[in-house]
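As a plain string of letters, each chain reads:
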Amino acid sequence: MKKFKNTSPVIFSLIIALSMLMLSSTASAVKVKQLAPDFTLASNKGTNIRLKDLRGKVVMINFWATWCAPCREELPLLNDLYKKYQSKGFVLLGVNIDDKRQLANKMVKELKIKFPILFDSKQTTSELYDLQAMPSTFILDKNGVIRFSHYGFKSGYEKKYAKNVESLL
């Protein structure tokens, strides 16, 4: 995924769909039962976070953007999930793809999000995960293997997420 500066959600969706069609025969999208691609990104907590360093924990990676209405709806529900399972070895990483961190920070503050937000402003990590929709969510087991993937968000998905996390803890 290349930089989509000020791109509307409709145009972004069309770009993703066309990219998927063009690359479907050659792309190697991340798949369930595959080791999650490693990455290191700066966080809103002031430190860099490396995925590989989280082995031994169940990890949810949620890619989102400030212009994404379903993301805005989903983030507070993810915050509740984080609060519920954090003490049991669950880590939630919100990966923001906006090119301006201040947009993400403003939304995180407004929604009172407590889990770490990582900044993928150059969208290199997003490319590794070959996003098919916004938001895109991957749930990893304690060995760093992708066990569940979810694309988009609709009310009720948070219940699926909780079941997925519980099955891995």
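Everything below is about the structure shown above.
Residues numbered from 1 in each chain as written. Predicted model: local features only at pLDDT ≥ 70, side-chain atom pairs only at ≥ 80, totals over all residues. Heavy atoms only, no water.

1. A closer look at the overall build of the protein chain
This is how the line gets drawn: Segments assigned H or I by DSSP are reported as helices when at least four residues long, segments assigned E as strands when at least two residues long, and all are numbered from the N terminus. By the convention used here, residues are in contact when the closest approach between their heavy atoms is within 4.5 Å. Reported accessibility uses the Shrake-Rupley method at a 1.4 Å probe radius. Residues are deemed covered only where the shown protein chains occlude them.
When you go through the protein chain residue by residue, the secondary structure sums to five helices and seven strands. In the protein chain, the share of contacts with a sequence separation of at least 24, taken over all contacts with a separation of at least 6, comes to 70%. On the protein chain, roughly 9,000 Å² of surface is accessible, and the fraction owed to carbon and sulfur atoms is 54%.

2. Here we look at the pairing of strand S6 (residues 136-140)
Just so we agree on the cut-off: Burial here depends on accessible area, computed with a 1.4 Å probe over protein chains only, as a share of the maximum for the residue type. Under 20% is buried, over 50% is exposed, and the range in between is partly exposed. Only when DSSP finds a minimum of two bridges between them are two strands counted as paired.
Within S6, five of the five residues are buried, leaving the element largely enclosed by the surrounding structure. Alternating positions in S6 separate into two faces, Ser136, Phe138 and Leu140 on one and Thr137 and Ile139 on the other, with burial throughout. As paired elements, strand S3 (residues 58-64) and S6 share five bridges and run antiparallel to each other. Opposite Phe63, over in S6, you have Ser136 as the bridge partner. As defined by bridge partners, S6 adjoins strand S7 (residues 146-151) across five bridges and the pair is classed as antiparallel. Note that in S7 the partner of Phe138 across the bridge is Ser149.

3. Looking at the pattern of salt bridges
Under the convention used in this document: Criterion for a salt bridge: a side-chain nitrogen of Lys or Arg within 4 Å of a carboxyl oxygen of Asp or Glu.
By the definition in use, this model includes three salt bridges. With a closest N to O distance of 2.7 Å, Glu110 and Arg72 form a salt bridge. Residue Glu110 is found in helix H3 (residues 101-111), and its partner Arg72 is found in helix H2 (residues 69-85); the two are separated by 38 residues along the sequence. Assessed through its relative accessible area of 46%, Glu110 is described here as partly exposed. A residue is classified by how much of its surface remains accessible, and Arg72, at 32% relative accessible area, is partly exposed. Between Asp141 and Arg147 there is a salt bridge, and its shortest N-O distance comes to 2.7 Å. By relative accessible area, Arg147 is classed as partly exposed at 32%.

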